[in-house]
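# Observations on chain architecture
So you can see what is in the structure, the chains are spelled out below.
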Amino acid sequence: MKSLKNEHIRNIAIIAHVDHGKTTLVDAMFRQCGLFRDNQDVSERIMDSMDLERERGITIAAKNCSVIWKGIKVNIIDTPGHADFGGEVERALSMADGALLLVDASEGPLPQTRFVLKKTFEAGLPVIVVVNKIDRKDARPAEILDEIYDLFIDLDADEDQLDFPLMYAIGREGVAQNTLDEKGVNLHPLLDLIIEKIPAPAYDPEEPFQMLVSDLGYSDYLGRLAIGKIVNGRVQSNDSLVCIDDQGHHNPLKVTRLQTYQGLTFSEASEVDPGDIIVLSGIEDVKIGDTICNRNFPKALKRITVDEPTVSMEFSINNSPFSGKEGKYVQSSKIRERLFKETLMNVGIKVEETDNKEVFVVKGRGEFQMAILIETMRREGFELCVGRPRVIFKHKDGKQLEPIERFFVDCDESFMGIVTEKLSNRKGKMINLVNNGKGRVRIEFSVPSRSLIGYRDEFLTDTKGTGIMNSYFFGYEEYRRDFPTRFTGSIVSDRQGTAVPYALFNLEPRGQLCVVAGTPVYEGMIVGEHNRDNDINVNVCKEKKLTNMRASGKDDHVLLSPVKPMTLERAIHFIRDDEMVEVTPKSIRLRKTILEAHKRHTIRAAKLKEME
């Protein structure tokens, strides 16, 4: 029974929806706790260390840091705000003893907040609520507070969790206050509240050293790093320890270096007390969820559990005619090694090998998580092909079940009809509709996960870029029948060469093109979206025949319509089941899985014959 607490430490996870000001607030905490010199040049959003995080303005990977406030060390665990990175949320919460919920004073608690908060309540952690951005012109803090109470009740919060401490803040200015009327000066009241309300980590003084591995890292100098919270006991550098894996095997190990968090960096320590978050180096064979403990008293802790994956995608080598021209890593062995390395760092990803040694099935929480993985690999120099995302079905009592999402839409009243019609065609059901009389409506739908694959771009077009959509995984329900996912076909190049303006100009009436003049093409490469539902093979390399005769009006200047740049997410949404996305460090191309036109024709004819 845990009876003692380490009062010198607090471990807190910060929860917020995307763009509610979490990273900005943490920046202000660093500055006010004296982490930087007065004249030190510090970039904004320090915690968003990945290039993709800075570009997209979101948190993808859970990260740790610490500040010292009034002699007490506060370990801050940054959690992602997107449901697709649920694996990051679970392992972040395994290190926390409490949570700080940050809510926008205008937007209120949104779906991704709900997802992470549900996990927090399941872990039994106390929560401090901070209503941020109260300086916004459209701020409505009183209504937001009611929405927060409704959310807590809806998520079955207990009485202690419902009686949460509340603060108001302007993260950008680095101020926090207890009421709306007073004028905040700094974040000191919030830091004091964290010390007062977040419980110190408890431990059993009679138990030997135990640590749950919640995160992994890698250093060129120290090798594999195991990161986690000390649950019981103390550890010293050079201690003889043992790692207990998921099979219950005991792997002996020796710690070469022991470190703790100091600000954003590591600080070497000779001995660390229970409750602190530590970094052990010198451990090679370790996975997230393993227990590291004393060799003389091995005792495993409860492993981190993660929700099952709902989406799968096929990753394969690039076998197009342009293979190996732009990428550094093209072999299947390199792609396999990189994918399995991802499973070590990301508990939400699973990789399965297939009968074909050049194809791997990657399973995850959502298409966005997959897109981030592909983009990361692309930037590392990988060249690969990926197929269309497919939802993972389950079977129970002879019935086929599919993953269902709760889908939330915030749009202008005038777009409500088109959004509702499109989602009902995709087997969505409206659950709730709120019209606050200010011109915008909030609608809640229950939709199959497969309905949302490729819908994001369509939604933005339908709402003229003003709509906001969010979703989270709700569970499995009975299959809701098929529906058409794309009403258009593909315009496919029938030969290798270079796209020329004359050919592209003559193809424009046939559909929307996705290549520009001068783009290298090959047989089977998709160059546009056909207006009709069938595919057509075209020659985009065809040049105008020249003669000696000249006539008025015959040599008009060719003006091509501008082409929307092809992004990775748009490409993944566009492709059908018989198509793939070719991803290289420099290019994103759409292609048919079978490149040769005559082979595709033979397969299509055989399918039509079967249907007859």
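Residues numbered from 1 in each chain as written. Predicted model: local features only at pLDDT ≥ 70, side-chain atom pairs only at ≥ 80, totals over all residues. Heavy atoms only, no water.

## Points about the overall build of the protein
Where we set the bar: Each helix corresponds to a stretch of at least 4 residues labelled H or I by DSSP, and each strand to a stretch of at least 2 residues labelled E; elements are numbered beginning at the N terminus. Accessible area is worked out with a 1.4 Å probe on protein chains only. A residue is then buried under 20% of its type maximum, exposed over 50%, and partly exposed in between. Residues are treated as being in contact if the distance between any of their heavy atoms lies within 4.5 Å. Accessible surface area values rest on a Shrake-Rupley calculation with a 1.4 Å probe, where residue burial reflects the displayed protein chains alone.
Counting secondary structure elements, the protein contains 15 helices and 37 strands. Considering the protein as a whole, with its 612 residues, one finds that 52% of them fall into the buried category. In the protein, of all internal contacts separated by at least 6 residues, the share reaching a separation of at least 24 is 72%. Roughly 29,600 Å² of accessible area belongs to the protein as shown, and the carbon and sulfur atoms make up 48% of that amount.

## Notes on the nonpolar core
To keep things clear, this is the line we draw: Definition used in this section: a nonpolar core is a set of buried Ala, Val, Leu, Ile, Met, Phe, Trp, Tyr and Cys residues joined via side-chain atoms within 4.5 Å.
Counting 46 residues, the largest nonpolar core has Phe315, Leu339, Val540, Val581 and Leu590 as its most contacted members. It is helix H9 (residues 367-379) that provides the largest number of residues to this core, a total of five residues.

## Considering the packing of aromatic side chains
Threshold: Any pair of Phe, Tyr and Trp rings, taking the six-membered ring for Trp, is counted once the centres come within 6.5 Å. Such a pair is stacked with planes under 30 degrees apart, edge-to-face with planes over 60 apart, and tilted for the rest. Working rule: Lys NZ or Arg CZ, within 6 Å of ring centre, within 35 degrees of ring normal, means a charge sits over the ring.
By the definition in use, this model includes eight aromatic pairs. Considering the side-chain rings of Phe393 and Tyr479, the 5.5 Å spacing of their centres and the 75° angle between planes classify their relative orientation as edge-to-face. Here Tyr479 lies in the loop between strand S29 (468-478) and strand S30 (490-493) and Phe393 lies in the loop between strand S24 (390-391) and strand S25 (394-396), a separation of 86 residues in the sequence. The exposure class assigned to Phe393 is partly exposed, which follows from its relative accessible area of 30%. The rings of Phe121, Tyr149, Phe152 and Phe164 are connected pair by pair, giving a single aromatic cluster. In this structure, Lys394 packs its charged tip against the face of Tyr476, placed 4.5 Å from the ring centre. A cation over a ring is seen here: Arg406 above Phe474, with NZ or CZ 3.9 Å from the ring centre.

## Things to note about the state of the cysteines
Stated formally: Criterion for a disulfide: a pair of cysteine sulfur atoms at a distance within 2.5 Å.
What the rule picks out here adds up to zero disulfides. In this structure Cys293 is a free cysteine whose sulfur lies 8.3 Å from that of Cys243, the closest cysteine sulfur available. Given the relative accessible area of 0%, Cys293 is considered buried.

## A few points about the confidence of the model for the protein
Filter applied, for reference: What pLDDT expresses is the predictor's confidence in each residue, scored from 0 to 100.
Mean pLDDT over the protein works out to 81, with 89% of the residues at or above the 70 mark. By mean pLDDT, the top-scoring element of the protein is strand S23 (residues 384-386) (92), and the lowest-scoring one is helix H2 (residues 51-56) (48). Overall, residues 36-50 carries pLDDT values under 50, and its contacts beyond four positions in sequence, including any with other chains, amount to 38 contacts. Every residue in residues 52-62 is under pLDDT 50, and counting partners more than four places away or in other chains gives 49 contacts.

## Quick word on the packing of helix H8 (residues 332-345) against H9
When two helices pack together, their arrangement is given by the angle between the helix axes and the distance between those axes. Selection rule: In this analysis, axes come from line fits to C-alpha atoms, helices being fitted only over the stretch in contact, and the angle between any two N-to-C directions falls in the range 0 to 180 degrees. Reported orientations rely on four angle classes, namely roughly parallel under 35 degrees, roughly antiparallel over 145, roughly perpendicular from 65 to 115, and oblique for the rest. Crossing chirality is assigned from the near helix's rotation relative to the far helix, an anticlockwise turn below a right angle marking it left-handed and a clockwise turn marking it right-handed. Polar here means any residue outside two lists: the nonpolar Ala, Val, Leu, Ile, Met, Phe, Trp, Tyr, Cys and Pro, and the charged Asp, Glu, Lys and Arg; Gly therefore counts as polar.
Their axes nearest at 12 Å, the elements H8 and H9 cross at an angle of 130°. Regarding the angle of H8 to H9, the classification is oblique. Both H8 and H9 take part in a crossing whose hand is right-handed. Here H8 contributes Ile335, Arg338, Leu339 and Glu342 to the contact with H9, which in turn contributes Leu373, Thr376 and Met377. Of the residues assigned to the contact of H8 with H9, the class counts are four nonpolar, one polar and two charged.

## As for the pattern of salt bridges
Side chains carrying opposite charge are able to pair once their charged atoms draw close together. We count it as follows: Salt bridges are defined by distance alone: a side-chain nitrogen of Lys or Arg within 4 Å of a carboxyl oxygen of Asp or Glu.
One pass over the structure, following the stated rule, counts 38 salt bridges. With its nearest N and O atoms 3.8 Å apart, the salt bridge here joins Glu196 to Lys197. On the basis of relative accessibility, which here comes to 57%, the residue Glu196 falls in the exposed class. A salt bridge links Glu477 to Arg480; its shortest N-O distance comes to 3.0 Å. By relative accessible area, Arg480 is classed as buried at 9%. Via salt bridges that share partners, Asp535, Arg576, Asp578, Glu579 and Lys592 belong to a single interconnected network.

## Considerations on the side chain of Glu582
The test is simple: Polar contacts, as used here, are pairs of N or O atoms within 3.5 Å; protein pairs need one atom able to donate a hydrogen and one able to accept it. Residues neighboring in sequence count only if both atoms are side-chain atoms.
Relative to the helices and strands, Glu582 resides in strand S36 (residues 579-583). Looking at Glu582, its side chain comes within polar contact range of the side chain of Ser320, at 3.1 Å. Ignoring anything within four residues of it in the chain, the contact list for Glu582 reads Asn318, Ser320, Phe322, Leu384, Cys385, Tyr522, Ser587, Ile588, Arg589 and Arg591.

## Focus: the pairing of strand S7 (residues 166-170)
Worth spelling out the cut-off: Any two strands with at least two DSSP-identified bridges between them are counted as paired.
S7 sits mainly inside the fold: four of its five residues count as buried. Both S7 and strand S8 (residues 175-177) contribute to a ladder of three bridges, which runs antiparallel. Looking across to S8, one finds that Tyr168 is bridged to Gln177. With antiparallel pairing between neighbouring strands as the criterion, S7 and S8 make up a hairpin whose turn holds four residues, including Gly174 at a positive phi of roughly 70°.

## Notes on helix H1 (residues 22-32)
For H1, the tally of buried residues reaches eight of 11 residues, placing the bulk of the element in the interior. Of the positions making up H1, those classed as buried are Lys22, Thr23, Leu25, Val26, Asp27, Ala28, Met29 and Phe30.

## Brief notes about the pairing of strand S26 (residues 399-412)
The element S26 is extensively covered by neighbouring structure, given that 11 of its 14 residues are classed as buried. Direction of pairing for S25 relative to S26: antiparallel, over a ladder of three bridges. For Lys394, the partnering residue across the bridge sits in S26 and is Leu401. Where S25 folds back on S26, the antiparallel hairpin that results is connected by two residues, among which Asp397 adopts a positive phi of roughly 55°. Relative to strand S28 (residues 440-448), S26 is paired through nine bridges, and the arrangement is antiparallel. Counterpart to Arg406 in the pairing with S28 is Ser446.

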